[in-house]
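# Observations on the model geometry
One letter stands for each residue in the lines below.
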Amino acid sequence: ADVAYLRSVLPSTTEDAFFDYLATLDASEVTVSAVPEGSVVFARVPFLQVKGPLLVVQLLETTLLCLVNYASLVATNAARFRLLAGPDVKLMEMGLRRAQGPDGALSASKYSYIGGFDYTSNVLAGKLYGIPVCGTIAHSFIMSFTSLEEVQPRELPPLAGGEPVDLPALAELWLGRNFQGLLDTYCVRRSGLPNFCAVALALHQLGYRAIGVRLDSGDLAKQSKEIRQVLRACGARFQVPWFETIPIAVSNDISEQSLEEFSREGSEINMIGVGTNLVTCPLQPSLGCVYKLVEVNGSPCLKLTEDEEKMTIPGTKTIYRLYDAAGCPFMDLMALDEEPSPSAGQELAVRVLGQLGEATKVVPTTVEPLHRTYFRDGQVCEPLPSLPEVRSHVQVSLSLLSPAHRRLHEPQPYPVAMTERLHRLLAELRQASQ
């Protein structure tokens, strides 16, 4: 069917042999090596290497870039939110309404989880990928009730057993038990919070436990502290110790700046829901990964340009990550495949990208080859990690970075370098092309 469609749109002069060739195409001669999913990668470092028949690997270009660009972008954006939130605050992805269509929404949920989020509100993503799902009720649901008489069913049996109890009546009884005075300075919470406390205490009396509250407007950090005061007072007044630790969740156009403000002002927030500013990545709406030819029939090739940053690095390469004595990566090194692997403790003469005019000497404490071969001879040849394993690897990979490289504002540039031999090849090809 695919070949038939191509026949219908290509010029009528296209030879039949071309379509016969397309019908026989497969990936049996393709080899794909890559940095393990969830690893930190840096600009100019090849994180995917594809070898095979030229036409086949050229046809793979758009598909591979589509698969890695948005995924890497969202995972990176999620990781930034996780770094700002810290390890203890729960993060919930809730960007389904703002995502780039249903396919983009599923990708956003999946790669937000990989980047460090704990939950998604996208139930289909939970079903397909095993991501924990979490959500809250809608404002419209609350607004749909005008009186307690509309609540159905009214009766709720105690968790430990016994006769069903009229829950609205029990909640009304708790609502009149002298804790309106605890809230008289918190006007914004004059309705929602006392009603929540009354229902939560009624449920507690029947053996149930409320799971939390959510704020969706106003000064979220300030309100969270005010609400925590009320919950603590309520727990102490009615001798319900767990009331003091009821989780407080917030949402409402949360951004990186919001999390910085929460940290600066202090808050009692336990869970943060992020939507628009997570899935649409407004700080950088697209990622510019590229797919470049570096070798044909065993001969290295080079795309020459006036802009050194856009010039390709020729040849089939092996990528190494160099670590210092503290266990932090301090440089990624590109070497030609045929070069011997660098060793720990060995002094290396390298050329740092952007400073190619002079050699730099470094001595790594540890050397890690970054690429693994995942696809060969038409088959996946390495076990692929599960989603939770990839998610865990993201945090490990980030934790290894030095604070200077990991900070989100004005991070220290991470050096990427090439060996002297690769530098000589680059210089020879540049001279030959001129």
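Only a predicted model underlies this, so the values are computations on that prediction, with no experimental measurement involved.

## Some remarks on the domain arrangement of the protein
Examined at the domain level, the protein breaks down into domain 1 (32-53 + 292-432) and domain 2 (74-143 + 167-280). Each of domain 1 and domain 2 has a C-alpha centre, and these two points are 41 Å apart. At the junction of the two partners, domain 1 supplies 11 residues and domain 2 supplies 16 residues. Carbon and sulfur atoms supply 66% of the area buried between domain 1 and domain 2, which totals about 1,100 Å² over both sides. Here Arg 391 and Asp 118 are joined by a salt bridge, their closest N and O atoms 3.1 Å apart.

## Topic: the UniProt feature "domain: Nicotinate phosphoribosyltransferase N-terminal" (unreviewed entry) in the protein
The UniProt record marks residues 2-69 with the feature "domain: Nicotinate phosphoribosyltransferase N-terminal" (unreviewed entry), using the residue numbering of this structure. Between the first and last C-alpha atoms of residues 2-69 the distance is 26 Å; the span itself is 49% helix and 12% strand.

## Let's talk about the pattern of salt bridges
Counted under the stated rule, the structure contains 14 salt bridges. Asp 337 is the salt-bridge partner of Lys 51, the closest N and O atoms lying 3.6 Å from each other. Of this pair, Lys 51 sits in strand E2 (residues 48-51) while Asp 337 is found in the loop between strand E13 (329-336) and strand E14 (348-352), placing the two residues 286 residues apart along the sequence. Between Asp 166 and Arg 154 there is a salt bridge, with the nearest N and O atoms lying 3.5 Å from each other. Here Asp 166 is found in strand E6 (residues 165-166), whereas its partner Arg 154 is found in the loop between helix H6 (139-143) and strand E5 (155-156), with 12 residues between them in sequence. Three or more residues are tied together by salt bridges with common partners; here these are Arg 82, Asp 118 and Arg 391.

## Remarks on the nonpolar core
Phe 196, Phe 243 and Ile 272 are the most contacted members of the largest nonpolar core, which totals 38 residues. Residue contributions to this core peak at six residues, all from helix H9 (residues 220-237). When residues no more than four places from it in sequence are discounted, the contact partners of Phe 196 are Ala 210, Gly 212, Val 213, Leu 231 and Ile 246. If you look at the next biggest cluster of nonpolar residues, it comprises 35 residues, including Tyr 113, Ala 125, Met 311 and Leu 401.

## Re the environment of Glu 358
With respect to the helices and strands, Glu 358 occurs in the loop between E14 and strand E15 (360-362). Here Glu 358 falls in the exposed class, since its relative accessible area comes to 52%. Put simply, Glu 358 and Leu 302 are 56 residues apart on the chain and 21 Å apart in space, counted from C-alpha to C-alpha. Residues in contact with Glu 358, not counting those within four places in the same chain, are Val 350 and Arg 351.

## Some points on the layout of surface pockets
The space that makes up the second largest pocket amounts to roughly 1,800 Å³. What lines the second largest pocket is a set of 45 residues, and nearest its centre among them are Ile 137, Ile 142, Gly 192, Asn 195 and Phe 196. Those elements that place two or more of their residues in the lining of the second largest pocket are H6, helix H7 (167-175), helix H8 (192-205), strand E7 (213-215) and H9. Considering each element in turn, the lining of the second largest pocket owes the most residues, eight residues, to H8. Looking at the lining of the second largest pocket residue by residue, the classes come out as 30 nonpolar, 11 polar and four charged.

Reading guide: rules and limits
Per chain, the residues get numbers from 1 upward, laid out in the order the sequence is written. Per-residue local features of the predicted model are confined to residues with pLDDT of at least 70, and side-chain atom pairs are confined, for both listing and counting, to 80 or more; whole-chain, interface and lining totals are unaffected and use all residues. No hydrogens and no water enter the side-chain calculation; it runs on all heavy atoms of the structure. What counts as a domain boundary in this text is fixed by an automatic or database domain assignment. Only heavy atoms matter for contacts: two residues are in contact if any of them lie within 4.5 Å across the pair. Buried area is understood as the total, over both parts, of accessible area removed when two parts are fitted together, assessed with a 1.4 Å probe. Salt bridge, as used here: a side-chain nitrogen of Lys or Arg that lies within 4 Å of a carboxyl oxygen of Asp or Glu. UniProt positions are given in the numbering used here, feature names are shortened, and annotations may be inferred rather than shown by experiment. Comment: elements are numbered from the N terminus, with helices defined as DSSP H or I runs of at least four residues and strands as E runs of at least two. Among buried residues, those of type Ala, Val, Leu, Ile, Met, Phe, Trp, Tyr and Cys that are joined through side-chain atoms within 4.5 Å constitute a nonpolar core. Residue burial is assigned from relative accessible area. The probe radius is 1.4 Å, only protein chains are included, and a residue is buried under 20% of its type maximum, exposed over 50%, and partly exposed in between. Buriedness of a pocket was judged along seven lines, with at least five required to meet protein on both sides within 12 Å; pockets are open sets of points on a 1 Å grid over the protein atoms alone, cavities are sets where a 1.4 Å probe fits but cannot get out, and lining residues have an atom within 4 Å of a point. Grid points are joined across faces, edges and corners, and a volume is the space filled by probe spheres set on the points. Three categories are distinguished: nonpolar for Ala, Val, Leu, Ile, Met, Phe, Trp, Tyr, Cys and Pro, charged for Asp, Glu, Lys and Arg, and polar for the others, with Gly belonging to the last.

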